[in-house]
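Inside the fold
Here is what each chain is made of, one letter per residue.
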Amino acid sequence: MKLIIAVIQDEFINKVTRALMENDIRVTRLSSTGGFLKSGNTTLFIGTHEIHLDKVIDIIRKECKTKRVNKLGEEVRVGGANIFIINMDKYVRI
Ligand code: 2BA
């Protein structure tokens with residue numbers, strides 16, 4: 001089992017969540033804030049079997065794009081999604 005933690009820019013989050021649900025991927029949305037820009041984003045928790053890992057990443061990649069924003073006169077490239085993948089020892093649903 002894998003735990004995927006994905007920080008998604010807010011403008012993409014509804015499409016990403018919808019596409020995941022349509023593919024029977026369970027997801028939890030947490031409101032989050034980027035430490036650098038201090039603007040809102042959404043962090044997804046996705047617990048899934050390893051065989052679905054590539055599918056999840058493909059769905060997120062399809063819906064999210066890098067964008068450029070201006071911070072104090074400097075251009076910053078903000079990733080549409082930053083994805084962390086963790087090996088999960090155990091999953092218990094009660
Ligand atoms: P923020 O922390 O608001 O960062 C927004 C964008 O600002 C980053 O895009 C990056 O291009 C730039 N940036 C961040 N820290 C910087 C620094 N110290 N100096 C110069 N530029 C900096 P992304 O890297 O695509 O990150 C988008 C969002 O994903 C981040 O929002 C943060 O919420 C999350 N994130 C990215 N990397 C992370 C990490 N290693 N651990 C935890 N969260 C991360």
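Residues numbered from 1 in each chain as written. Predicted model: local features only at pLDDT ≥ 70, side-chain atom pairs only at ≥ 80, totals over all residues. Heavy atoms only, no water.

Turning to the site of the ligand, a few remarks are in order. The ligand sits among 13 residues. The nearest are Phe36, Leu37, Arg77, Gly79 and Asn82. The backbone of Leu37 places a nitrogen or oxygen atom 2.8 Å from an oxygen atom of the ligand. A distance of 2.9 Å separates an oxygen atom of the ligand from a polar side-chain atom of Asn82. Coverage of the ligand by the protein amounts to 53% of the 750 Å² it exposes when considered alone. (Near = heavy atom within 4 Å. Polar contact = N/O pair within 3.5 Å; in protein donor to acceptor, adjacent residues only side chain to side chain. Areas by Shrake-Rupley, 256 points an atom, 1.4 Å probe, with all protein chains shown as cover.)

In this section: the sheet that holds strand 3 (residues 40–48). An order of 2-3-1-6 is seen for the 4 strands of this open sheet, with the pairing classed as antiparallel. Single-partner strands in this sheet number two, and they are strand 2 (28–33) and strand 6 (81–87). This sheet shows a mean twist of 20° between the axes of neighbouring strands, independent of strand direction. Bridging between strand 1 (residues 2–9) and strand 3 involves 8 bridges; their strand directions are antiparallel. Among the inter-strand pairings, Ile5 is bridged to a residue of strand 3, identified as Phe45. Helix 1 (residues 10–22) contacts strand 1, strand 2 and strand 3 of the sheet and is inclined by roughly 20° relative to strand 3. The strands touched by helix 2 (residues 53–63) within the sheet are strand 1, strand 3 and strand 6, with strand 1 carrying the most contacts at an inclination of about 0°. (Pairing = 2+ DSSP bridges. Helix = DSSP H or I, 4+ residues; strand = E, 2+ residues; numbered from the N terminus. Axes fitted to C-alpha atoms, helices over the stretch in contact; angles between N-to-C directions. Contact = heavy atoms within 4.5 Å.)

A separate point is the packing of helix 1 against helix 2. The relative placement of two packed helices is expressed as an angle between their axes plus a distance between the axes. It is at 9 Å that the axes of helix 1 and helix 2 come closest, and there the two elements cross at 145°. Helix 2 is crossed by helix 1, and the crossing has right-handed handedness. On helix 2, the residues that touch Phe12, Lys15, Val16, Ala19 and Leu20 of helix 1 are Val56, Ile59, Ile60 and Glu63. Residue composition of the contact of helix 1 with helix 2, grouped by class: 7 nonpolar, no polar and 2 charged. (Left-handed = near helix turned anticlockwise from the far one by under 90°. Nonpolar A, V, L, I, M, F, W, Y, C, P; charged D, E, K, R; others polar.)

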